[in-house]
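Residue-level listing of the chains:
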Amino acid sequence: MDAQRIAIDAVVALTDCDREMVTAFIRRFYLAGVKDPKRLTFKGLQAIAQG
């Protein structure tokens, strides 16, 4: 769960997006097996950029 928290904090800081929306994206990737904070952050940023 630490990886998830780190990724959420990073994406929110970088994008200033709604924390709940970012949490939903990151949680989906985390539950799919992505456990690395850097990868979660990258995937979260990608998802937000795509809309």
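Keep in mind that what you see is a predicted model, and the values were worked out from it rather than measured.

What counts as what
Residues numbered from 1 in each chain as written. Predicted model: local features only at pLDDT ≥ 70, side-chain atom pairs only at ≥ 80, totals over all residues. Heavy atoms only, no water. Phe/Tyr/Trp six-rings, centres within 6.5 Å; stacked < 30°, edge-to-face > 60°. Lys NZ or Arg CZ within 6 Å of the ring centre and 35° of its normal. Core = buried A, V, L, I, M, F, W, Y, C linked by side-chain atoms within 4.5 Å. Buried < 20%, exposed > 50% of the residue type's maximum accessible area, 1.4 Å probe, protein only. Helix = DSSP H or I, 4+ residues; strand = E, 2+ residues; numbered from the N terminus. Contact = heavy atoms within 4.5 Å. Expected span 1.5 Å × (residues − 1). Arc of directions from axis to C-beta. Salt bridge = Lys/Arg side-chain N within 4 Å of Asp/Glu carboxyl O.

Remarks on the packing of aromatic side chains
Next, step 1: Counted under the stated rule, the structure contains 0 aromatic pairs.
Next, step 2: Across from the ring centre of Tyr 30, 3.8 Å away, lies the NZ or CZ of Lys 35, which sits over that ring.

Here we look at the nonpolar core
Next, step 1: If you look at the biggest cluster of nonpolar residues, it comprises 13 residues, and the most contacted ones within it are Ile 8, Val 11, Val 22, Ile 26, Leu 40 and Ile 48.
Next, step 2: Looking at this core, the elements that each hand over two or more residues are helix H1 (2-15), helix H2 (19-31) and helix H3 (37-50).
Next, step 3: The element best represented in this core is H1, accounting for 5 residues.
Next, step 4: Residues contacting Leu 40, with those up to four places away along its chain left out, are Ala 3, Gln 4, Ala 7, Ile 26, Phe 29, Tyr 30, Val 34 and Lys 35.

As for H3
Next, step 1: Helix length check: H3 (14 residues) gives 20 Å between terminal C-alpha atoms against 20 Å at 1.5 Å per residue, within 8%.
Next, step 2: Buried within H3 we find Leu 40, Thr 41, Gly 44, Ala 47 and Ile 48. Burial along H3 is one-sided: seen end-on, the buried residues are contained in an arc of 130°. Facing away from the buried side of H3 by more than 90 degrees, the exposed set consists of Lys 38, Ala 49 and Gln 50.
Next, step 3: Buried residues belonging to H3 abut H1 and H2.

A look at the pattern of salt bridges
Oppositely charged side chains can pair when the atoms bearing their charge come close.
Next, step 1: Using the criterion set out here, one finds 3 salt bridges in the structure.
Next, step 2: Two residues, Arg 5 and Asp 9, come together in a salt bridge whose shortest N-O distance is 3.7 Å. One end of the pair is Arg 5 and the other is Asp 9, both in helix H1 and 4 residues apart, which spans about a single turn.
Next, step 3: Since its relative accessible area comes to 43%, Arg 5 is described here as partly exposed.
Next, step 4: Arg 19 is the partner of Asp 9 in a salt bridge, and the nearest nitrogen-oxygen pair spans 2.4 Å. Residue Asp 9 is found in helix H1, and its partner Arg 19 is found in helix H2; the two are separated by 10 residues along the sequence.
Next, step 5: Taken together, the shared-partner salt bridges connect Asp 2, Arg 5, Asp 9 and Arg 19 into one network.

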